[in-house]
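Survey of secondary and tertiary structure
These are the residues of each chain, in order.
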Amino acid sequence: NFSISILTFLFFLLSWNDKYLFMATNDLMMELQKDSIKLDEDSEKKVVKMLLKLLEDKNGEVQNLAVKCLGPLVGKVKEYQVETIVDTLCTNMLSDKEQLRDISSIGLKTVISELPPASTGSTMTANVCKKITAQLTGAIGKQEDVSVQLEALDILSDMLSRLGGTLYSFHSSILNCLLPQLTSPRLAVRKRAIIALGHLVLTCSGNIFSELTEHLLSELKRNESTSTTRTYIQCVAGISRQAGHRVGEHLEKIVPLIVQYCNVEDDELREYCFQAFESFVRRCPKEIDPHIPNVMGLCLKYITFDPNYNYDNEEEEMMETENGEDEEQESDDEYSDDDDISWKVRRSAAKCLEAIVSSRHDLLQDFYKTLSPVLISRFKEREENVKADIFSAYISLLKQTLPIQSWLHASDASGKDDVPLTMLQNQVPNIVKALHKQLKEKSIKSRQGCLSLLTELANVLPGCLADHIPALVPGIVFSLADKSSSSNMRIDTLSFLHVLLCNHQPEVFHPHIKSLVPPVVTCIGDPFYKITSEALLVTQQLVKVIRPLDKSCSFDAKPYVKDLFPATLKRLKAADIDQEVKERAISCMGQIIYNLGDHLSTDLQPTLKIFLERLKNEITRLTTVKALTLIASSPLKIDLRPILGEGFPILASFLRKNQRALKLSTLTALDILVKNYSDSLKPAMIESVLTELPALITENDMHVSQVAIVFLTTLAKVYPSCISKISSSALAEVFQLVHSPLLQGGALNAIIDFFQALVLAKAATMCYSELMKQLTAPVYSSGLAGASLTLHKQAYYSVAKCVAALSSACPKEAPVTVNQFIQDVKNPKSSSAVKVLAFLSLAEIGRTMNLSAQRELKTVILEAFTSTSEEVKSAASYALGNVSVGNLKEYLPFMLKEIVTQPKRQYLLLHSLKEVISSSPANGLKPYVEDIWALLFKHCECTEEGTRNVVAECLGKLTLVNPSELLPRLKKQLSSGSPHARGTVVTAIKFTIADQPQPVDALLKGCIGDFLKTLQDPDLNVRRVALAMFNSAAHNKPSLIRDLLSAVLPSLYNETKVRRELIREVEMGPFKHTVDDGLDVRKAAFECMYTLLESCLDRLDIYEYLNHVEDGLKDHYDIRMLTFIMLARLSTLCPNAVLQRLERLIEPLRATCSTKVKAGSVKQEFEKQDELKRSAMRAVAALLTIPEVEKSPAMAEFSSQIRSNPEMASLFESIQKDSASLPTSESMDMS
C-alpha cells in the first residue's frame, strides 16, 4: 500500500538527520508528482504537517524542495487541507524572518498556479482564493514593511490575472485596498498596485470600474503633488493597456486633463502623458479619433524638445573641419548631463507618433505634410535610444505607404495611393541628406537604423535613390570594411545593398563598381556563414549590374571578373560549409557564367565539372538544376558539351524522384537544353529521357503534366525523328488527359500545341486522320442513339478544342472533317454524345474559319434546337454563336431575325448571341450594334429570370464595344417604370466590370454612383442584383467605388437587417413552414461586406461594421456561416477592434457551439448543425490567435468551457489540426 511507503518517508524525515533530509524530501516530491498516488485522511494530515514544517527548515535547499512539493499536493488532498496550507503560508508571509517570508510567498504563488480554474465547478478554488485575498488585503493595508507589501501585491496580481472572476465578491474591498497604495511613499509599491489594478479591471463589474475611473479623475483634477499625479497618469495608461475598451467611454474627460499636464515643466510627467496617449491610440482608436490632431500636435512639439543642447552650430562645424565627427562626439559628452531626462520625453513622443501612424492609414497625406518633415529633421537626434524610436516611427510611415500587395490588378491597386507616394518622392533628397553622413558614424546602432530605413524606402519607392547613389556608396563601403562593424552590421549593409541593386537601373552603379567590388569580395571570404551567404546574394545581383545582357552597355566588366570569380569559386568548391552558403554559391556561379562566361576562358570547363559533382549530391541537386537552366539559356552560348554526356542521364533520373520541385525544375532544364544544344545531344540521351515522361503525364498533377507536355512539344519540333517513340509511349497518357474532366487552362493549351507540332512534323505514324480517330474514339464507341453522354461535359470541350487545333494546322483536311460532323448531326442514329461533340467541334472550328460554304449548317443547327436532349440543344446554341463569329455578315442578321420570329427558341438563340458578343472583335460588331441593342431592349422585361440574365450579359458586353455612346443609354433606363427592366440594366453593369483595365473604366467611375442608388429601390429583386453588382465592383475594381462608400454603406448595412414583413408561413400538407423572402438579399449584403474587408478596409468604420456582423451572428443558418468566416478574417485584419467587442461577439458563438439538435430530426438537420458548429469553432480558433485575447474574462471562461466539454473539445482539436495543415493565407473568395 502506498500510504505505508509514504509513512516510511516521514519516519526518515522525523529522524531529522540532515544527511537524509534532502534526499527524502526529493523522493517525496517525485512520488507526489505521480498520478497514481492516493492518500488516506491520516496520511494527508501528516504529509501536510511535515511539509509546512520543512518550509521553516534552516537548510535553503530543503525549503526549495518543500515548496516544489506543494504544487502537486494541492490536487491530491482535501479542500480543508489546502486551506490549512494557505493559512500557514499567509501567516508566515508576515513573519520577521526574510527567508521564511520569501519561501512562503513562492509557496502561495505555487498553490495559486495549481488551483483548478473556476469553470471546472470546483468550490475549492473560490474558498481558497477568498481566504488568501482576505489575508493579503489586510497585509497590504496595515503593513509597515515594504517588502511584505510588495510580495503581497505581487501575489494579488497573480491571483487576479488567473482567477479574477472567482474573486467577484472581493473586488470592491480589493479596490479599496489598492487605491491608497497609489500614494505610497515607495514608488515600487505604487508600480505594483498599478499592475494589480490592471488585472482587476479585466474582470470587475461596470460599477467598480466607474468608481476607479471617478477616483482617478478627481485625483488628477486635485493635482496634490506632481509625484502622485505622475502615478495617476501611469495608472490610467496601465488600465487602458489592459482594458482599453472600457476606458473608451471616459476618454472625453481624461484626455483634456492629460493634455493640460503635458505643459507642466516636469519631464517625467510628460513622458507618462505620452505613454498614456500611446495606449489610448492603440486601445481606443474610435474614441481617441477626435483628439488625434491635438495629440499629434503635442507629439510634434515635444519630439524636438531638447532644452539643454544647441543644434545650430552643428552644420557649420561639419563644414569647417574634416574630422567633424570627433568634435560632435566631444560635444555629446559635454552636454550629456546626468540630470537631463528630456530624452525620455522625446522618446515617448516618438513612440506615440508611431502608434498614430501605424493605426491611421486614412491620414497618410496629412502625415506627409506635417509629420514627415519633422521626423526627418530629428534624424540628427543625439540620444541613440531616441533616434532608434524616431527611425522606427518613420519606417512605420513607409510601411503604411507601401502600395497594398493584393490580388487586385496592378493598375487598380496603385490608383488610390499616388498622392502619398509623390509626396514621399519629393522628400527623398532631405532623407538622404539627413542620413548619409550618419552611415559613417561610430555608433553601430544608428548606422543599422539608417540602413533599415533606407531599405524600407527603396522597397516602397523602387528607383527613388538613383540620384543619391554617390552619397550612399561611401557609407556602404565604410560599414563593410570597417573593422569595428559587428557581424549583424555587415549583414544589414549587404542586405541593403542587395535591395538597392535590385530596385535601381544598372547604369547608376557603374561609376561605383570599382569601390563596391573589393569589400563585397572580402565578405564572400568572411568566416561567418551568414555574411558569406548575404555577400553571395549581393554578388549574384552585382554580376547582372556589371553586364546587363538585355540591353547594350558600354561598361567594361572584364577587370572585375578576376576578383568576383575566384572568390565565388572558392566557396563553390568547399564541401564543409553551411547548406545555405553552398546553395547560394551555386546560384551565384550560375549567374557569373550566364553573364560573364565568355571572359572565363580556361576556367569555364573545370567549373562546369564542379556543377556536375553538385548535381550528384542530393542536398544540392535542385539548386544546381536551376543554375544549369540559367546557364543553358545564356545568350553567350556557353559550351556545355563536356558535361552533357554525363549530365543528361542524371537529369533524366531526376524525373523518377519523388520530389515535385525537382521534377518541375528538371523538365524546364531539359527543355532549354533541347532547344539550345540540340546538335550536341545523342539519340540515346533523348531516349533515356523519353522513357521517363509517360509516368509524369497524369491528371493527379496537372502542372507537372503541363510542363512535361510542353517538353514533348519541344522534342517533336526539334527532333521529328523521335515522334514514333513518343507515339508508342507518351501519347496514350496525353489522350487520357484530354478525356479527363479536370483538364483546362494551361495544360489544355499545352496539349493543343503538342498536337499541332505532331501533325506539322508530318510523321507517317502520326498523321491527321490517326490523331483525329484517337481523339474522338471514346465518343464514337459509346454507341447508340439513346445513350447519354459518356465522358464528362468538360472533356467534350477539350476534345473539340483539340479537333479545331488540328484542323487549323491542316487546312486542306478541314472541309472533310466539317462535312463529317454535319453528317453525324443529321444521322438520326447518332447518339447524343456524338451530336454534342460534333456541334462543339463545329463551334471551335467555325470561330476562326469561315464555314459559309456549308450550306446546310444553319438548318442543321436550328433543327437541333428542337432536340429532346438538353446537352444537344445547348451545344447547338454554342455552335451557332461561334460559327457566326467566323462570319458575322452572313450569320448575325439571320440570328437576329430568328430571335424576333421564333419566340420558342428565344432562350437558346440569345445564348448564341451572347457567344457572338463575347468573342467577336469590337470593329466587326460596330455595324450591328444598333440592331442588337434595340432587340435586347425588347426582351429586358421578360418574365423569365433566366432570359433576363442572358439579356443583361449581352447588354453589358455590348456596352464595352462603344461605351461612350451606350453607357448613358443604360443609365437612362434606370428611371424605367418596370422593376424587371431596372434589374436587367443593373445586372448589365455587373458584366461591364472586369478585373483588367478597360476603356470603359473612366466612364463607369463617373456614373456607377447612379446605378448604386438602386440599392434603395423599392423592389426587393432590384436591390438583390444591385448588391451583386456592388460586390463585383468591390472585388474586381475597388477603385470604382472607394470614394462612394460613405454614401453607399448606409444602404448596404440597411439590407443586413431581418425584415419581419418578408417572412411568411406556407402550409405544406399538415405542416407549416416559414419562408423568408428577404434571406437572399441579406446574404448578398453580407457577401459585399466580406469583399469590402479585402479591398477597402481603410475606408470602413470598423465599429459600425462590427455591429452588423454581430447581428448576422444571430441570423439564419446561411448568414451565420458567412459571419463566422468574416469574424475569423477580422481577427487577423483588425484585432484591436475585435478585442473591444469580444464580450458581445462570444455570446452568439457560444450559443451556436452548445446547441443540441432535437432527437428526432432528419439527417440534413444534423449535418447542418454540425457544419455550423465547425464554422463557429473556426471563428473561435481565429479569435484565440489575437494577441492578449487571454486577458478577456469572457474568452477565458468560454475556452475553459470548450476544454471541459468533451464534444466541443474534440471539435476544437480537429479544427486546430486542419488549420495547421493549411497554408496561412487561406481566405474565402467571394467573386
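Residues numbered from 1 in each chain as written. Predicted model: local features only at pLDDT ≥ 70, side-chain atom pairs only at ≥ 80, totals over all residues. Heavy atoms only, no water.

1. Digging into the overall build of the protein
We apply this condition: Strands here mean DSSP runs of E at least two residues long; helices mean DSSP runs of H or I at least four residues long; both are numbered from the N terminus. Relative accessible area decides the class of each residue, using a 1.4 Å probe on protein chains only: under 20% of the type maximum gives buried, over 50% gives exposed, and in between gives partly exposed. Contacts between residues were defined by any pair of non-hydrogen atoms, one from each residue, lying within 4.5 Å. The Shrake-Rupley method, run with a 1.4 Å probe, gives the accessible areas here. Residue values count only the displayed protein chains as cover.
Across its full length, the protein carries 63 helices and two strands. Based on the C-alpha atoms only, the size of the protein along its principal axes is roughly 115 × 95 × 75 Å. Residue burial in the protein is summarised as follows: out of 1231 residues, 54% are buried. Across the protein, every contact between residues at least 6 apart in sequence was considered, and the portion connecting residues at least 24 apart equals 74%. Of the accessible surface of the protein, which amounts to about 54000 Å², a share of 52% is contributed by carbon and sulfur atoms.

2. Observations concerning unusual backbone geometry
The phi torsion at Ser601 lies on the positive side, around 40°, for a residue other than glycine. Mapped onto the elements, Ser601 comes out in the loop between α30 (579-596) and α31 (604-616). Unlike most non-glycine residues, Lys637 shows phi in positive territory, near 50°. Along the chain, the position of Lys637 falls in the loop between α32 (621-632) and α33 (641-654).

3. Brief notes about the side chain of Asp824
What counts here: None of His or the chain ends enter the tally, which takes Lys and Arg as positive and Asp and Glu as negative. A side-chain nitrogen of Lys or Arg and a carboxyl oxygen of Asp or Glu constitute a salt bridge if their distance falls within 4 Å.
Here Asp824 lies in helix α42 (residues 814-826). Put simply, Asp824 is tucked away with no salt bridge, and the nearest opposite charge, on Lys835, sits 10 Å away.

4. Regarding the pairing of strand β1 (residues 1063-1068)
Note the threshold: A pair of strands is labelled paired if DSSP reports no fewer than 2 bridges between them.
For β1, the buried fraction is low: zero of the six residues fall into the buried class. As paired strands, β1 and strand β2 (residues 1071-1076) are joined by six bridges and run antiparallel to one another. The residue bridging Glu1065 from the neighbouring strand is Thr1074, located in β2. Taking the residues between adjacent antiparallel strands as the criterion, β1 and β2 are bridged by two residues, where Gly1069 takes a positive phi near 60°.

5. Describing the nonpolar core
Note the following rule: As used in this record, nonpolar core signifies buried Ala, Val, Leu, Ile, Met, Phe, Trp, Tyr and Cys residues forming a set joined through side-chain atoms within 4.5 Å.
Judged by nonpolar contacts, the single largest core of 419 residues is most densely connected at Phe277, Phe280, Tyr394, Phe755, Phe839, Leu913 and Ile1041. If near-sequence neighbours (up to four positions away) are discounted, Phe755 is found in contact with Leu731, Val734, Phe735, Val738, Leu771, Leu775, Cys802 and Leu806.

6. Re the pattern of salt bridges
Oppositely charged side chains are able to pair whenever their charged atoms sit close together. Tallying each qualifying case throughout the model produces 58 salt bridges. Salt-bridge contacts for Asp154 lead to Arg192; the nearest nitrogen and oxygen are separated by 3.7 Å. Of this pair, Asp154 sits in helix α8 (residues 146-163) while Arg192 sits in helix α10 (residues 187-203), and the two are 38 residues apart along the sequence. On the basis of relative accessibility, which here comes to 25%, the residue Asp154 falls in the partly exposed class. Note on Arg192: relative accessible area 29%, which makes it partly exposed.

7. A closer look at the packing of helix α3 (residues 41-54) against helix α5 (residues 79-93)
What counts is decided by this rule: The angle between two axes is taken between their N-to-C directions and runs from 0 to 180 degrees, where each axis is a line fitted to C-alpha atoms and a helix contributes only its stretch in contact. Any angle between 65 and 115 degrees counts as roughly perpendicular, while under 35 counts as roughly parallel, over 145 as roughly antiparallel, and the rest as oblique. Put simply, a crossing is left-handed when the front helix is turned counterclockwise from the back one by less than a right angle, and right-handed when it is turned clockwise.
Following both chains from N to C, one finds α3 and α5 inclined at 10°, their axes separated by 11 Å at the closest point. Judged by the inter-axis angle, α3 sits roughly parallel to α5. Both α3 and α5 take part in a crossing whose hand is right-handed. Here α3 contributes Glu41, Glu44, Lys45, Val48 and Leu52 to the contact with α5, which in turn contributes Tyr80, Gln81, Thr84, Ile85 and Thr88.

8. Observations regarding empty space enclosed by the protein
Put simply, the rule reads: Grid points spaced at 1 Å over the protein atoms alone were grouped into cavities, where a 1.4 Å probe fits but cannot get out, and pockets, open sets with protein on both sides within 12 Å along at least five of seven lines, with lining residues defined by an atom within 4 Å of a point. Grid points are joined across faces, edges and corners, and a volume is the space filled by probe spheres set on the points. Under the scheme applied here, ten amino acids are nonpolar (Ala, Val, Leu, Ile, Met, Phe, Trp, Tyr, Cys and Pro), four are charged (Asp, Glu, Lys and Arg), and all others, including Gly, are polar.
With the rule as written, the count across this model stands at five cavities of 30 Å³ or more. In this structure, the largest cavity spans a volume of roughly 90 Å³. Every residue along the wall of the largest cavity is listed here: Leu615, Val625, Leu628, Leu640, Ile643, Leu644, Gly647, Phe648, Leu651, Ala669 and Leu673. At the level of secondary structure, the elements contributing two or more residues to the lining of the largest cavity comprise α32, α33 and α34 (660-676). With five residues, the single largest contributor to the lining of the largest cavity is α33. Residues of the lining of the largest cavity, tallied by class, amount to 10 nonpolar, one polar and no charged. Considered as a void within the structure, the second largest cavity measures approximately 50 Å³ in volume. Lining the second largest cavity, in full, are Phe209, Leu212, Thr213, Leu216, Val236, Ile239, Val247 and Ile254. Among the elements that line the lining of the second largest cavity, the one with the most residues is helix α11 (residues 206-222), at four residues. Split into classes, the residues belonging to the lining of the second largest cavity amount to seven nonpolar, one polar and no charged.

9. A word on the packing of aromatic side chains
Using the following cut-off: Pairing of aromatic side chains here covers Phe, Tyr and the six-membered ring of Trp, requires ring centres within 6.5 Å, and sorts the geometry by plane angle: under 30 degrees stacked, over 60 edge-to-face, intermediate tilted. Either the NZ atom of lysine or the CZ atom of arginine qualifies as a charge over a ring when it sits within 6 Å of the ring centre and within 35 degrees of the ring normal.
The tally for this structure, following the rule as stated, stands at 11 aromatic pairs. In textbook terms, an aromatic cluster arises when at least three aromatic residues are bridged by ring pairs, as seen for Phe274, Phe277, Tyr302 and Phe305. Taking the ring centre of Phe305 as reference, the NZ or CZ of Arg270 above it sits at 4.9 Å. Over the ring of Tyr891 we find Lys858; its NZ or CZ atom is 5.4 Å from the centre of that ring.

10. Observations regarding helix α35 (residues 683-690)
Heads up, the rule is: Throughout, the arc means that of the directions going from the helix axis to the C-beta atoms.
Residues of α35 that are buried: Met685, Ile686, Val689 and Leu690. Considered in projection along α35, the buried side chains sweep an arc of 140° and stay on one side of the axis. The outward face of α35, more than 90 degrees from its buried face, is lined by the exposed residues Pro683 and Ala684. Taken together, the buried residues of α35 touch α33, α34, α36 (702-718) and α37 (723-729).

11. Some thoughts on the side chain of Thr231
Mapped onto the elements, Thr231 comes out in helix α12 (residues 226-247). Looking at Thr231, the relative accessible area reads 3%, which means it is buried. When sequence neighbours within four positions are dropped, the list of residues in contact with Thr231 reads Leu182, Arg190 and Ile194.

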